[in-house]
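For reference, the chains in residue letters:
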Amino acid sequence: MTEYLFDEIETRWQQRWAEGRTFEVTEDPARPKYYCLEMLPYPSGDIHVGHVRNYCITDVVARYKRMRGFNVLHPIGWDALGLPAENAAIKRGVHPEKWTRENIAQMKRQLQRLGFSYPWSREIATCDPEYYRWNQWFFLRMLERGIAYRKKAPVNWCPSCQTVLANEQAEGGACWRCGSQVEEREMDQWFLRITAYQDELLDDMAQLSEWPERVLQQQREWVGRSPGAEVDFPVEGGEPLRIFTTRIDTIYGATFMVLAPEHARVDELVRGTSEEARARQGIQRLHAQDRRSRQAGLVEKEGVFTGRYATNPFSGEKIPIWVGNFVLTGYGTGAIMAVPAHDQRDFEFARKYGLPIRVVIEPPDRKLDPATMEAAYDGPGRTVNSGELSGLDAREAIGRMTAHAEEKGIGKAAVTYRLRDWLISRQRYWGTPIPVVYCEKDGIVGVPDDQLPVLLPRDAPFTGEGGNPLEKVPAFVHAICPRCGGPARRETDTMDTFVDSSWYFYRYLSPRKDDGPFDPAVVRYWFPIDLYVGGIEHAILHLVYSRFWTKVMRDLALVTFDEPVTRLFPQGMVHKDGKVMSKSKGNTVAPDDIVRKYGADTLRLYILNVASPEDPLEWSDENIAGAHRTLQRIWRLVDKHAEGFASGTREPIPAELPGPARQLRRKVHQTIQKVTDDIEQRIKLNTAVSALQELVNEITRLEPEVSAGPGRTALREALETLVLLLSPFAPHIAEELWGRLGRRFSIVDRPWPVADAAVAKEDAVEIAVQVNGKVRGHVVVPAGMVEEEVRQRAVADPKVAEHLRGKEVVKVVVVPGRLVSVVVR
Ligand SMILES: [Zn+2]
Ligand SMILES: [Zn+2]
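A few points on the structure. Remember, it's a predicted structure, so these values are computed and weren't measured experimentally.

**Regarding the coordination of the zinc ion (ligand 1)**
Piece 1. In this structure, C158 (SG), C161 (SG), C175 (SG) and C178 (SG) serve as the protein donors to the zinc ion (ligand 1), at separations of 2.2 to 2.3 Å.
Piece 2. Each of the 4 donor atoms around the zinc ion (ligand 1) contributes to a set of angles spanning 104 to 115°, which defines the coordination as tetrahedral.
Piece 3. Given the relative accessible area of 2%, C161 is considered buried.

**Considering the packing of aromatic side chains**
Piece 1. Tallied over the entire structure, the rule returns 44 aromatic pairs.
Piece 2. When the centroid spacing of 5.2 Å and the interplanar angle of 25° are considered together, the rings of Y506 and F518 count as stacked. Taken together, the residues Y506 in helix α15 (residues 504-507) and F518 in the loop between α15 and α16 (520-526) connect sequence positions 12 residues apart. Summarising the burial analysis for this pair, Y506 and F518 share the class buried.
Piece 3. Its end group placed over the ring of F191, K151 keeps NZ or CZ at 4.7 Å from the ring centre.

**Observations concerning the coordination of the zinc ion (ligand 2)**
Piece 1. At 1.9 to 2.3 Å from the zinc ion (ligand 2) lie its protein donor atoms, namely C439 (SG), D442 (OD), C481 (SG) and C484 (SG).
Piece 2. For the zinc ion (ligand 2), the 4 donor atoms are set out with angles of 104 to 118° between them, so the coordination reads as tetrahedral.
Piece 3. Read in sequence order, the donor residues coordinating the zinc ion (ligand 2) give the pattern C-x2-D-x38-C-x2-C. Here the residue D442 occupies a position in the loop between β19 (436-439) and β20 (443-446), and C484 occupies one in the loop between β21 (478-480) and β22 (487-490), the gap between them amounting to 42 residues.
Piece 4. By relative accessible area, C484 is classed as partly exposed at 33%.

**A word on the pairing of strand β31 (residues 809-815)**
Piece 1. Summarising the sheet, β31 and strand β32 (residues 819-824) pair through 6 bridges and their orientation is antiparallel. Within the sheet, the bridge partner assigned to K811 lies in β32 and is V823.
Piece 2. Between β31 and β32, which pair antiparallel in sequence order, lie 3 residues; one of them, G817, sits at a positive phi of approximately 75°.

**Topic: the packing of helix α1 (residues 6-19) against helix α24 (residues 731-740)**
Piece 1. Running from N to C, α1 and α24 point in directions that differ by 85°, and their axes come no closer than 9 Å. One finds that α1 runs roughly perpendicular with respect to α24. Contacts from I9, E10, R12, W13, Q14 and W17 of α1 reach α24 at P731, H732, E735 and E736.
Piece 2. Here the residues of the contact of α1 with α24 are counted per class, giving 4 nonpolar, 2 polar and 4 charged.

**Here's the deal with unusual backbone geometry**
Piece 1. Cis geometry is found at the peptide bond from L452 to P453, where omega equals 0°.
Piece 2. With respect to the helices and strands, the residue P453 is situated in the loop between β20 and α13 (474-477).
Piece 3. Of the consecutive residues F745 and S746, the connecting peptide bond is found in the cis state with omega at 5°.
Piece 4. Phi is positive for Q162, close to 55°, though the residue is something other than glycine.
Piece 5. Here Q162 lies in the loop between β5 (148-158) and β6 (163-165).
Piece 6. Judged by relative accessible area, Q162 falls into the partly exposed class, the value being 41%.
Piece 7. Even without glycine at this site, L541 takes up a positive phi of about 50°.
Piece 8. Considering the arrangement of structural elements, one finds L541 in the loop between β24 (529-535) and α17 (542-555).
Piece 9. Exposure remark for L541: the relative accessible area of 31% places this residue in the partly exposed category.

**Side note on the pairing of β24**
Piece 1. Across the 7 residues of β24, 7 count as buried, placing the element largely inside the fold.
Piece 2. When strand β1 (residues 33-38) meets β24, the two strands line up parallel, connected through 3 bridges. Counterpart to L37 in the pairing with β24 is Y532.
Piece 3. As a crossover connection, the stretch from β24 through α17 into strand β25 (residues 565-571) is right-handed.

**Re the side chain of Q14**
Piece 1. With respect to the helices and strands, the residue Q14 is situated in helix α1.
Piece 2. In terms of polar contacts, Q14 uses its side chain to reach the backbone carbonyl oxygen of Q112, at 3.4 Å.
Piece 3. Not counting residues within four places of it along the chain, the set of residues in contact with Q14 comprises Q112, R113, L114, G115 and H732.

**A closer look at the sheet that holds β21**
Pairing between sheet strands relies on hydrogen bonds along the backbone, with the strands arranged either parallel or antiparallel.
Piece 1. Strand order in the open sheet formed by 4 strands is β20-β19-β22-β21, with antiparallel pairing between adjacent strands. The outermost strands of the open sheet, each flanked by one partner alone, are β20 and β21. Strand-to-strand twist in this sheet, taken as the mean axis angle between neighbours without regard to direction, amounts to 45°.
Piece 2. The sheet contact formed by β21 and β22 spans 3 bridges and is antiparallel. If you follow H478 over to β22, its bridge partner there is R489.

**Describing the sheet that holds β31**
Piece 1. Pairing within the open sheet is mixed, and its 4 strands lie in the order β30-β29-β32-β31. On the outer flanks of this sheet lie β30 (774-782) and β31, each paired with one strand and no other. Averaged over neighbouring strand pairs, the angle between their axes works out to 20° when direction is ignored.
Piece 2. Note: strand β29 (residues 764-771) against β30, 8 bridges, orientation antiparallel. By the bridge assignment, Q770 is partnered in β30 with V775.

**Concerning the environment of S502**
Piece 1. With respect to the helices and strands, S502 occurs in the loop between α14 (497-500) and α15.
Piece 2. Given the relative accessible area of 0%, S502 is considered buried.
Piece 3. Ignoring any residue separated from it by four or fewer positions in sequence, one finds S502 in contact with W422, Y545, S546 and W549.

**Focus on the packing of helix α20 (residues 621-647) against helix α22 (residues 685-706)**
Piece 1. With their axes 11 Å apart at the nearest point, α20 and α22 run at an angle of 40° to one another. Relative to α22, α20 is oriented oblique. Both α20 and α22 take part in a crossing whose hand is left-handed. Across the interface between the two elements, T630, R633, I634, L637, K640 and H641 of α20 pack against Q693, V696, N697, I699, T700 and E703 of α22.
Piece 2. For the contact of α20 with α22, the class distribution of residues is 4 nonpolar, 5 polar and 3 charged.

**Examining helix α7 (residues 213-223)**
For an α-helix the count is 3.6 residues per turn, leaving residues at separations of three or four pointing the same way.
Piece 1. Within the sequence span of α7, burial applies to V215, L216, Q219 and V223. What you see down the axis of α7 is that its buried residues fit within an arc of 95°, all on one side.
Piece 2. In this structure, the buried residues of α7 make contact with α6 (198-203), α17 and β25.
Piece 3. One or two positions beyond α7, positive phi appears at G224, with a value near 60°.

Reading the values: rules and limits
Residues numbered from 1 in each chain as written. Chains lettered and ligands numbered in written order. Predicted model: local features only at pLDDT ≥ 70, side-chain atom pairs only at ≥ 80, totals over all residues. Heavy atoms only, no water. Donors = N, O, S within 2.8 Å, 3.2 Å for Na, K, Ca; no water. Tetrahedral: all angles 85-135°; square planar, octahedral: opposite > 155°, others 65-115°. Buried < 20%, exposed > 50% of the residue type's maximum accessible area, 1.4 Å probe, protein only. Phe/Tyr/Trp six-rings, centres within 6.5 Å; stacked < 30°, edge-to-face > 60°. Helix = DSSP H or I, 4+ residues; strand = E, 2+ residues; numbered from the N terminus. Lys NZ or Arg CZ within 6 Å of the ring centre and 35° of its normal. Pairing = 2+ DSSP bridges. Axes fitted to C-alpha atoms, helices over the stretch in contact; angles between N-to-C directions. Parallel < 35°, antiparallel > 145°, perpendicular 65-115°, else oblique. Contact = heavy atoms within 4.5 Å. Nonpolar A, V, L, I, M, F, W, Y, C, P; charged D, E, K, R; others polar. Right-handed = clockwise from strand over helix to strand, strands pointing away. Polar contact = N/O pair within 3.5 Å; in protein donor to acceptor, adjacent residues only side chain to side chain. Left-handed = near helix turned anticlockwise from the far one by under 90°. Arc of directions from axis to C-beta.

Structural measurements only, silent on function.
Here it is as structure tokens:
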């Protein structure tokens, strides 16, 4: 009997895999390909349990697919640019690059110790100039096509540090570094015109049948396409105000208008009115409110009357124009018609300021009274109080009223979107430099491709004040105009790190290519990505940006498809003590500690078994010990017979076997079926592990009866199959036991076991059911079914149940394989 020395075993096989380049792959047209991807980590310092969960899921699928004969690509890299490195530089004086590289080295060691099947030769880090060079190249292609453009936009500004802050540096409106009140400032910024693809982002969801609906729904809401109408409201003494509405059927109920405080016409509208002084004061107050809280609807609805009136173009009624904080410039036209009877926000505003409420949609089942209504009614109904357009079904009224507006030349059908263009400018150092210069003569000039990459200078000062560190590096800022050769100023903004992660999965295919971002022929072999696993928190942003990027690449004729990912699988979060596990909550568990105590295989098996991969995982130290005991049981079971099987000849399994051996084979083949289905169809890795545990129980139970004689062939089959099925989950112990059973390195290239349906099939037996000594029915059950289940089936049989109704069951006796006898009173 040998001991399960997990540390020695795991490090030995990891070394063997590395030396054998076991997980390195190349294109092989003779084999079907499988591209299995996980979201690349940010090198924050340590691998955490959430990462481990993500990578365990993909690793099982990758190893399984390989055993099924696929050519599997399962790469990893580092999302290495971004704010934390720069913050570390400011706080601790360590260069962002040094901080990042050290973290990568640490985390790489941790990943290798967990035995993930990565082709390390394809490792990329987005902070490598060889990587961000291609961000710049893509940016220039987008600049040429007008997809990248510059316009003014607000940023968070700390007046004391004299610098732009990221949203996460300005939480609660205070500077993260000095605590000063953050201001909003308009600055020129770079944008990517993602809105040019907004319809495609929605319509191409038809191609994403293997994405979870909840992710698609979040993306749909983010793009926010709403069909509706634009209508002009005449303004006394001025140009008409244009509004957008999705509910033109309620227009007769528009009793006032509301403009966003930022609306361009606000100043003109208040000028010269009797309310001007009061209005200006109120508007100033609204301007001071936090923009993000307003967007999130977190501030109390407030407004002020401009003193000016418009005319409702349908009813002809004179209505007041207000300015209100609940109207945003980002959506529609920044001006709304307010219909308090049928819109809840308008209703609350009208109640607060005593504005009129008019019912114009009547529900099918009751009458609404504006005086007593407690909420707006936005359900179905018929139009009332709507002049000649009264009495219509509300849905029908939308078409009729839109047509009416078009005839009169006061409006038209229109579609509005919530999606905004992607602001990629960051006034920070640790990002991809935006490759343009500003020339007095030529304006904005893109850096020519042959001068890429525009490198980050190493010697920038990291003080946290006085703006972007890049602005203080004269050798970087002073450039030569590529067009006229005159002096130019280099752009100091860097790119949002979401740019890096929008296309990294293409770079894995040609990680060292230096004359293009990737090889299109290689993309044709590996794409689309067959499975992409990552956190649900990426449902928008990353997963929208990367779809957008692929569509741009398609329009650049770099790829030939619309969507990069076939199947998306979001894994659940990790919780501990009922809370999400996170550094800030202080409830993290260090994977290193678990590996030291129990080994990587135990951690993997535990994480995969304790919860369904898409559900939250509640951390439990007890269950880890349980996973370790499972592996020890497997170790003892195989170890006991390994030598005998390794040295003996391989006898074929005879057609006729004694009962226990038949039973064992049945369980083995049922387990193959179950584990295969669980991985293949639903990624139910937790129930797959449970099935393996059941198999271990069954082998343990039957092992004394099949250790000798013809049944021994079934034992060998059982042990070898157990090890093969275990190998994607706990690869090190599987590799070790495989070797001890006399089989050759490496188990990762053994074919996945195939279930023999005939062997797996249960023998069925018919059992008579007696009630008080008389046969009342028959049930057919699998042979060997446990007594309790036979009993339940027997009393549930409809014919038997008839004789039990209203009686008390005193006793049930099961004679295995023959009879169930029920005694009733
Ligand atoms: Zn500050
Ligand atoms: Zn020039």
